[in-house]
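# Report on the structure
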Amino acid sequence: MRKIEDIQELRSIQMGILDDVHRFCEAHGLRYFLSSGTLIGAVRHKGYIPWDDDIDIYMPRKDYEQFLKMFTDKEGTYRVINPATEPHYYYTFAKVVDQRTRMVEKETEGYEIGVYMDIFPVDFVSDNLQKRERIFKQKKLLYKIRRCKISKTNPLKSCMAYWVYKCWPMSVKQIERKIRRLIVLDVPTTMVCNMTEAGPSIKGCFPAEDIASSVDIEFEGKQYKTMVGYKDYLERTYGDYMTMPPVEQRVTHKFEAYWK
């Protein structure tokens, strides 16, 4: 294997994934939105945040579920992975991976994964703030239990809590079903949020009307899609997103990437 040392080479692989997902979604009428740091980069830099090294997109739950069922790549280069189909998959959201590559991450020790792009489902959340806060606390606990069940190392600061959760009398699949029942609402509300463990805090919830439609936005010299209310989403989630953070907060992810 050859190690991918240059961040531009890594980004080129990720952009290939984004291009393929964009084409697929356009062809099948599926909605997606550049999100999180990727969207900040698009707005503030018209591309990657200078120190960033990944790509994130949101999909409304309905489109997300359809994408997981339908996505194919004729060339066999890309594959979608998600916790419902992958045993011991560490994350609770989907990724599209480049199968020609290999990623080495502390979190996914013992699980083969390639250079990827993250895909997060966006779910309706309760309009009642107190109920929403209660759900956030419950999902946080369930995600901690799930991580301890899967991880080979201690993802918690407390060793006692780690072993309590590790021995919790519930399987990973049972936990995942419980999480789904908790976060996937069948009845639309006025608010939505990324409810995976990588989702923002409760302040990161935003109006459903922000994702009512999509708009084009420039990223790395090309046009992609994001939510019509992207400014409102960014402000609610990140505050003053146009101001560069302090140097000590400009961190990259900790992983190594290789060509197979």
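Residues numbered from 1 in each chain as written. Predicted model: local features only at pLDDT ≥ 70, side-chain atom pairs only at ≥ 80, totals over all residues. Heavy atoms only, no water.

## A few points about the nonpolar core
Residues V21, L34 and F67 are the most contacted members of the largest nonpolar core, which totals 62 residues. Excluding anything up to four places from it in sequence, V21 contacts I57, M59, F67, F71, V96 and M117. One finds V125, F136, L142 and L156 within the second-largest nonpolar core, a separate group that totals 19 residues. (Core = buried A, V, L, I, M, F, W, Y, C linked by side-chain atoms within 4.5 Å. Buried < 20%, exposed > 50% of the residue type's maximum accessible area, 1.4 Å probe, protein only. Contact = heavy atoms within 4.5 Å.)

## Considerations on the packing of helix α4 (residues 129–150) against helix α6 (residues 172–183)
Between α4 and α6, the least distance of the axes is 10 Å, while the angle of their chain directions is 160 degrees. The pairing of α4 with α6 is recorded here as roughly antiparallel in orientation. Of the two elements, α4 crosses α6, and the hand of that crossing is left-handed. Residues I135, Q138, K139, L142, Y143, I145, R146, K149 and I150 of α4 touch α6, and the partners they reach there are V172, I175, E176, K178, I179, L182 and I183. Grouping the amino acids of the contact of α4 with α6 by side-chain chemistry returns 10 nonpolar, 1 polar and 5 charged. (Axes fitted to C-alpha atoms, helices over the stretch in contact; angles between N-to-C directions. Helix = DSSP H or I, 4+ residues; strand = E, 2+ residues; numbered from the N terminus. Parallel < 35°, antiparallel > 145°, perpendicular 65-115°, else oblique. Left-handed = near helix turned anticlockwise from the far one by under 90°. Nonpolar A, V, L, I, M, F, W, Y, C, P; charged D, E, K, R; others polar.)

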